[in-house]
Amino acid sequence: QLHLVESGGASEQAGGSLRLSCASSGGSLSSYTLAWFRQAPGKEREGVAFITINGGITFYAGSVKGRFTTSRDNEKGTLYLQMNSLKPEDTAMYYCAAQRGGSWSSQDWDIATKYNIWGTGTQVTVSS
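As the structure is a computational prediction, the values presented were derived from the model and not from experiment. (Residues numbered from 1 in each chain as written. Predicted model: local features only at pLDDT ≥ 70, side-chain atom pairs only at ≥ 80, totals over all residues. Heavy atoms only, no water.)

### With respect to the side chain of threonine 78
Okay, so step 1: Looking at the secondary structure, you find threonine 78 in strand β8 (residues 78-83).
Okay, so step 2: Within the local environment of threonine 78, its side chain forms a polar contact with the backbone oxygen of lysine 76, the two atoms lying 3.4 Å apart.
Okay, so step 3: For threonine 78, the contacting residues outside a window of four places in its chain are Ser21, Cys22, Ala23, Leu29, Ser71, Arg72 and Asp73. (Helix = DSSP H or I, 4+ residues; strand = E, 2+ residues; numbered from the N terminus. Polar contact = N/O pair within 3.5 Å; in protein donor to acceptor, adjacent residues only side chain to side chain. Contact = heavy atoms within 4.5 Å.)

Printed below as a string of structure tokens:
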């Protein structure tokens, strides 16, 4: 089964940038649809970004659109999240998620239960 490990989380000031990585092992990443989620203390898990198997289509939460970009390198088995113009409200634990197969659309990509493989998270803290 595919195994995912996030890295790159750190403490940054508002307006700064961070690049998160999600490294995979145990399978071919090219077989999986991928997404980023985040969760702040006391809040529900929120879908951040989505990317199709070959990177042809991406979806983003309205709160991050224009600031965050997700991409993937299937040869390296790695998913990325470039985060620019960071805001304090971006503070959260960030998780990568994967699912092989299934049906996807702009209306359901951000439903956490559609993904059955998860990393353990990397912390992002943004100060004002």
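### Overview of the packing of aromatic side chains
Okay, so step 1: As enumerated under the stated definition, the model contains 7 aromatic pairs in all.
Okay, so step 2: Measuring from ring centre to ring centre gives 5.6 Å for phenylalanine 50 and tryptophan 104, while their planes differ by 45°; the resulting arrangement is tilted. Residue phenylalanine 50 is found in strand β5 (residues 46-51), and its partner tryptophan 104 is found in the loop between β9 (92-99) and β10 (117-118); the two are separated by 54 residues along the sequence.
Okay, so step 3: Relative accessible area serves as the criterion here: at 21%, tryptophan 104 is assigned to the partly exposed category.
Okay, so step 4: Consider the rings of tryptophan 104 and tyrosine 115, whose centres lie 4.8 Å apart with planes at 40°: the pair is tilted. With tryptophan 104 in the loop between β9 and β10 and tyrosine 115 in the loop between β9 and β10, this pair connects stretches of sequence that are 11 residues apart.
Okay, so step 5: Among the aromatic residues, ring-to-ring pairing joins Phe37, Phe50, Phe59, Trp104, Trp109, Tyr115 and Trp118 into one connected group.
Okay, so step 6: One Lys or Arg, arginine 45, reaches over the ring of tyrosine 95 and ends 5.5 Å from the middle of that ring.
Okay, so step 7: Lysine 114 extends its terminal NZ or CZ atom over the ring of tryptophan 104, reaching a point 4.8 Å from the ring centre. (Phe/Tyr/Trp six-rings, centres within 6.5 Å; stacked < 30°, edge-to-face > 60°. Buried < 20%, exposed > 50% of the residue type's maximum accessible area, 1.4 Å probe, protein only. Lys NZ or Arg CZ within 6 Å of the ring centre and 35° of its normal.)

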